Amino acid sequence: AIIAISKFIKQHIYGEYGISKNIHVIPRGVNTNFFSPKKVSSARLINAAKKIGLEGNDQIILLPGRLTNWKGHTLAIKAISRLKVKNLKLVFIGDLQGRVKYKNELIYLANTLNIADKVIFINHTRDLPSYLMLSDIVLSCSTKPEAFGRTILEAQAMGKPAIAFNHGGSVELVNDNQNGTLCKVEDIDDLAINIEKVLKLSLYKRKVLSKKSISNVNKKYLTKFMCKKTLSLYIK
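Now for a description of the structure that goes with this document. (Residues numbered from 1 in each chain as written. Predicted model: local features only at pLDDT ≥ 70, side-chain atom pairs only at ≥ 80, totals over all residues. Heavy atoms only, no water.)

Observations regarding the sheet that holds strand β8 (residues 180-183)
Strand order in this open sheet of six strands is β5-β4-β3-β6-β7-β8, and the pairing throughout is parallel. Here the strands that pair on one side only, and so sit at the sheet edges, are β5 (119-122) and β8. On average, each strand axis in the sheet is tilted by 25 degrees relative to the strand beside it, whichever way the strands run. Summarising the sheet, strand β3 (residues 59-64) and strand β4 (residues 88-93) pair through six bridges and their orientation is parallel. The residue of β4 that forms the bridge with Pro64 is Ile93. On the sheet, helix α3 (residues 73-81) packs against β3, β4, β5, β6 (137-140) and β7 (162-165) and is oriented at approximately 175 degrees with respect to β4. (Pairing = 2+ DSSP bridges. Helix = DSSP H or I, 4+ residues; strand = E, 2+ residues; numbered from the N terminus. Axes fitted to C-alpha atoms, helices over the stretch in contact; angles between N-to-C directions. Contact = heavy atoms within 4.5 Å.)

Overview of unusual backbone geometry
A positive phi angle, near 50 degrees, is found at Gln97, a position not held by glycine. Judged by its relative accessible area of 47%, Gln97 falls in the partly exposed class. For Asn114, which is not glycine, the phi torsion reads 60 degrees and is therefore positive. Here Asn114 shows up in the loop between α4 (100-112) and β5. Here Asn114 falls in the exposed class, since its relative accessible area comes to 66%. (Buried < 20%, exposed > 50% of the residue type's maximum accessible area, 1.4 Å probe, protein only.)

Observations concerning the packing of helix α6 (residues 150-157) against helix α9 (residues 203-220)
Running from N to C, α6 and α9 point in directions that differ by 115 degrees, and their axes come no closer than 7 Å. Residue-level inspection shows Leu153, Gln156 and Ala157 of α6 in contact with α9, the latter providing Ser213, Ile214 and Val217.

Some words on the pattern of salt bridges
Enumeration over the complete set of coordinates arrives at five salt bridges. Residues Lys89 and Asp58 are paired through a salt bridge, measuring 2.7 Å at the closest nitrogen-oxygen approach. With Lys89 in strand β4 and Asp58 in the loop between α2 (42-52) and β3, the pair connects residues that are 31 residues apart, well separated along the chain. One exposure class covers both Lys89 and Asp58, and it is buried. Two residues, Glu146 and Lys71, come together in a salt bridge whose shortest N-O distance is 2.9 Å. A residue pair is termed long-range when its members are at least 10 positions apart, and Glu146 in the loop between β6 and α6 and Lys71 in the loop between β3 and α3 qualify at 75 residues. Classification of Lys71 as buried rests on a relative accessible area of 11%. (Salt bridge = Lys/Arg side-chain N within 4 Å of Asp/Glu carboxyl O.)

Quick word on the side chain of Ser135
Positionally, Ser135 belongs in the loop between α5 (128-134) and β6. If near-sequence neighbours (up to four positions away) are discounted, Ser135 is found in contact with Ile60, Leu62 and Lys160.

Points about the layout of surface pockets
For the largest pocket, the calculated volume is near 650 Å³. Lining the largest pocket we find 29 residues, and of these Pro64, Gly65, Leu128, Thr151 and Glu154 sit closest to its centre. Within the residue set of the lining of the largest pocket, elements represented by two or more residues are β3, β6 and α6. In terms of residues, the lining of the largest pocket owes the most to one element, α6, which gives four residues. Of the residues that constitute the lining of the largest pocket, the class distribution is 12 nonpolar, eight polar and nine charged. Considering only enclosed or pocket space, the second largest pocket measures out at about 230 Å³ in volume. Lining the second largest pocket are 14 residues, and of these Asn177, Gln178, Leu201, Lys205 and Leu209 lie nearest its centre. (1 Å grid on protein atoms, 1.4 Å probe; cavity = no way out; pocket = protein on both sides within 12 Å on 5 of 7 lines; lining within 4 Å. Points joined across faces, edges and corners; volume = space filled by probe spheres on them. Nonpolar A, V, L, I, M, F, W, Y, C, P; charged D, E, K, R; others polar.)

Some words on empty space enclosed by the protein
Applying the stated criterion across every chain yields a total of two cavities of 30 Å³ or more. Taken as a whole, the largest cavity spans an internal volume of roughly 40 Å³. In terms of lining residues, the largest cavity is bounded by Leu67, Phe92, Ile93, Gly94, Lys103, Phe121, Ile122 and Asn123. Its residues assigned to classes, the lining of the largest cavity shows five nonpolar, two polar and one charged. Of the voids in this model, the second largest cavity is the one considered here, and its volume is about 30 Å³. Looking at the second largest cavity, the residues that line it are Ile26, Pro27, Arg28, Lys220, Tyr221, Leu222, Phe225, Met226 and Lys229. The element best represented in the lining of the second largest cavity is helix α10 (residues 223-235), accounting for three residues. A breakdown of the residues in the lining of the second largest cavity according to their chemical character gives six nonpolar, no polar and three charged.

What follows is the structure, given as structure tokens:
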């Protein structure tokens, strides 16, 4: 038996190896004991807000993921530079993994585009839910298709709007304009337009999106479902 973590990976297995039989799609799961708005204390939120340097009515655009160029940090910076909205911060959160040169390139780009004060780097944290909770949008700008796209799932579990490129596992997780938004792959203009659109969502629409996102995760994508399906397959 072969376990594929998404329909996208099932198709990839067939495309690369010509195997179509006995492939079982078992999606990755998210642990809602950790990724849930109800589980984040105000003390944790205050701590995360201090690290970001959150002020007044700042809007937070979060891009979680290790600092590597295929995660699309450059695209996010360029998209942010095209926005009319001024009171925002683009927060990159994830391991540097020794890529100091790459980080410096991103800082140089932000300086060149006059948005250095809007781009914040947070090294790896054990408290991603707090940063997700503070964010207005969570981005997935990967230039290569994600095998699954757990970042999106974690954002949805926290009830946050996710914006992702329209490829890979992301396509299965985002029901466009219901629990997130899909953009044209590597299209900076489309990314900027969609960020602006989501930032302008009314409080009511945000609540509806939040409810749909959390409900979808609870129905399909919990860690316990993944474990149960995996063990059932082993037993079979």
